[in-house]
Amino acid sequence: GQQVMQIPQYQHVQEGEDFTTYCNSSTTLSNIQWYKQRPGGHPVFLIQLVKSGEVKKQKRLTFQFGEAKKNSSLHITATQTTDVGTYFCAGVGVTGGGNKLTFGTGTQLKVEL
Amino acid sequence: EPEVTQTPSHQVTQMGQEVILRCVPISNHLYFYWYRQILGQKVEFLVSFYNNEISEKSEIFDDQFSVERPDGSNFTLKIRSTKLEDSAMYFCASSDQGRDYEQYFGPGTRLTVT
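Residues numbered from 1 in each chain as written. Chains lettered and ligands numbered in written order. Predicted model: local features only at pLDDT ≥ 70, side-chain atom pairs only at ≥ 80, totals over all residues. Heavy atoms only, no water.

**Student:** Help me out: how do you make sense of the overall build of chain B in this one?
**Tutor:** The helix and strand tally for chain B stands at zero helices and eleven strands. Counting from the amino terminus, chain B carries its helices and strands in the arrangement β-β-β-β-β-β-β-β-β-β-β. Here the C-alpha radius of gyration of chain B, 13 Å, is about what a compact globule of 114 residues would show, namely 13 Å. Viewed in the frame of its principal axes, chain B has a C-alpha envelope of about 35 × 30 × 25 Å. The burial tally for chain B puts 45% of its 114 residues in the buried class. Long-range contacts, defined as pairs at least 24 residues apart, comprise 54% of the intrachain contacts of chain B with a sequence gap of at least 6. Entry remark: accessible area of chain B is about 5800 Å², with carbon and sulfur atoms responsible for 44%. Across chain B, the centroid of the 10 positively charged side chains sits 5 Å from that of the 16 negatively charged ones. (Helix = DSSP H or I, 4+ residues; strand = E, 2+ residues; numbered from the N terminus. Rg over C-alpha atoms; globule rule 2.2 N^0.38 Å. Buried < 20%, exposed > 50% of the residue type's maximum accessible area, 1.4 Å probe, protein only. Contact = heavy atoms within 4.5 Å. Areas by Shrake-Rupley, 256 points an atom, 1.4 Å probe, with all protein chains shown as cover. Lys, Arg positive; Asp, Glu negative; His and termini not counted. Charge placed at Lys NZ, Arg CZ, Asp CG, Glu CD.)

Laid out in structure tokens, this is it:
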């Protein structure tokens, strides 16, 4: 079945440093979504990418979808303590009618002052 | 802002007992989902539901699991005979359209099977 991997698994940064997490799917995706989960919380939708090669920005966050629609990345510029949490990519496959999200393994971000 | 709600927030049950987890999706949404997350691991898809029937389910969603939309607002997940390995956080989600629309997650129910 479809598998979605993310690297790194953990990342510790000093506040103000940049952060990037990479997401790779074993199969081509219809779209990819990114979610943030704070410790003890639930996944919160950040953004969705649909088109091949798409780049979207939200303030300090930049999201990219690969040309082959099998990989994606999230880059945070100048991290802040509020960025702490686990970032998951979640892909929707091109087949299947149920719209299931296949979540990546997640990257846990810790930001130190 | 509308949100998905789930009850209870924490359920403790003994192995072999039946549990029902409840969710109230966002009112105008049409697609409903259950996911689970074992502590420290990734979120796993269980089932999706549309137009009063299951549209997709994972290998995890075996005969011990069932879902129901008993009325116009609730969406439930039943586990008939719980096992220790069913201990996890269960998230309900909903979306107002299908494939290309974001899913809104509820706060989750932490199920502990002893």
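**Student:** So what exactly am I meant to see when it comes to the sheet that holds strand β7 (residues 65-68) of chain B here?
**Tutor:** Strand pairing in a sheet takes place through backbone hydrogen bonds and is either antiparallel or parallel in direction. All names here are of chain B. Taken together, the four strands give an open sheet; going across it, the order is β1-β3-β8-β7, and neighbouring strands pair in antiparallel fashion. One side of each edge strand has no neighbouring strand; the edge strands of this open sheet are β1 (5-7) and β7. Each adjacent strand pair in this sheet contributes to an overall mean axis angle of 20°, direction not counted. Pairing geometry for strand β3 (residues 19-24) and strand β8 (residues 75-79), over five bridges, is antiparallel. In the strand pairing of β8, Arg-22 is matched with Thr-76. (Pairing = 2+ DSSP bridges. Axes fitted to C-alpha atoms, helices over the stretch in contact; angles between N-to-C directions.)

**Student:** Please clarify how the interface of chain A and chain B should be interpreted in this entry.
**Tutor:** Reports often express the size of an interface as the amount of accessible area lost when the parts come together. Contact with chain A, which involves 24 residues of that partner, is made by 21 residues of chain B. For the interface between chain A and chain B, the tally reads zero salt bridges. Contributing elements (two or more residues each) for the side of chain A that touches chain B: β4 (29-37), β5 (44-49) and β9 (85-93) of chain A. When its residues are assigned to classes, the side of chain A that touches chain B shows eight nonpolar, 15 polar and one charged. (Salt bridge = Lys/Arg side-chain N within 4 Å of Asp/Glu carboxyl O. Nonpolar A, V, L, I, M, F, W, Y, C, P; charged D, E, K, R; others polar.)

**Student:** Even after reading the chapter, I still don't get the environment of Ser-27 of chain B, so can you show me in this structure?
**Tutor:** Assignment of secondary structure puts Ser-27 of chain B in the loop between β3 and β4 (31-37). C-alpha of Ser-27 of chain B to C-alpha of Val-4 of chain B: the two residues are 23 residues apart in sequence and 8.8 Å apart in space.

**Student:** So what exactly am I meant to see when it comes to the side chain of Gln-6 of chain A here?
**Tutor:** Residue and element names in this part refer to chain A. Within the secondary structure, Gln-6 is located in strand β1 (residues 4-7). Overall, the relative accessible area of 4% leaves Gln-6 in the buried class. Looking at Gln-6, its side chain comes within polar contact range of the main-chain nitrogen of Gly-106, at 2.9 Å. Those residues in contact with Gln-6, other than ones at most four positions away along the chain, are Thr-21, Tyr-22, Cys-23, Trp-34, Tyr-87, Phe-88, Cys-89, Gly-104, Thr-105, Gly-106 and Thr-107. (Polar contact = N/O pair within 3.5 Å; in protein donor to acceptor, adjacent residues only side chain to side chain.)

**Student:** What is the right way to read the sheet that holds strand β6 (residues 55-58) of chain A from this model?
**Tutor:** All names here are of chain A. Read across the sheet, five strands follow the order β1-β3-β8-β7-β6 without closing on themselves; strand pairing throughout is antiparallel. Every interior strand has two partners, whereas the edge strands, β1 and β6, have only one. Averaged over all pairs of adjacent strands, the angle between strand axes in this sheet comes to 15°, irrespective of strand direction.

**Student:** How do you make sense of the pattern of salt bridges when you look at a structure like this?
**Tutor:** Pairing is possible between side chains of opposite charge, provided their charged atoms come close. All names here are of chain A. With the rule as written, the count across this model stands at three salt bridges over all chains. The partner of Glu-54 in a salt bridge is Lys-56, with the nearest N and O atoms 3.8 Å apart. You can call Glu-54 buried: its relative accessible area is 15%. The shortest N-O distance in the salt bridge between Arg-60 and Asp-83 comes to 2.9 Å. With Arg-60 in the loop between β6 and β7 (61-65) and Asp-83 in the loop between β8 (71-76) and β9, this pair connects stretches of sequence that are 23 residues apart.

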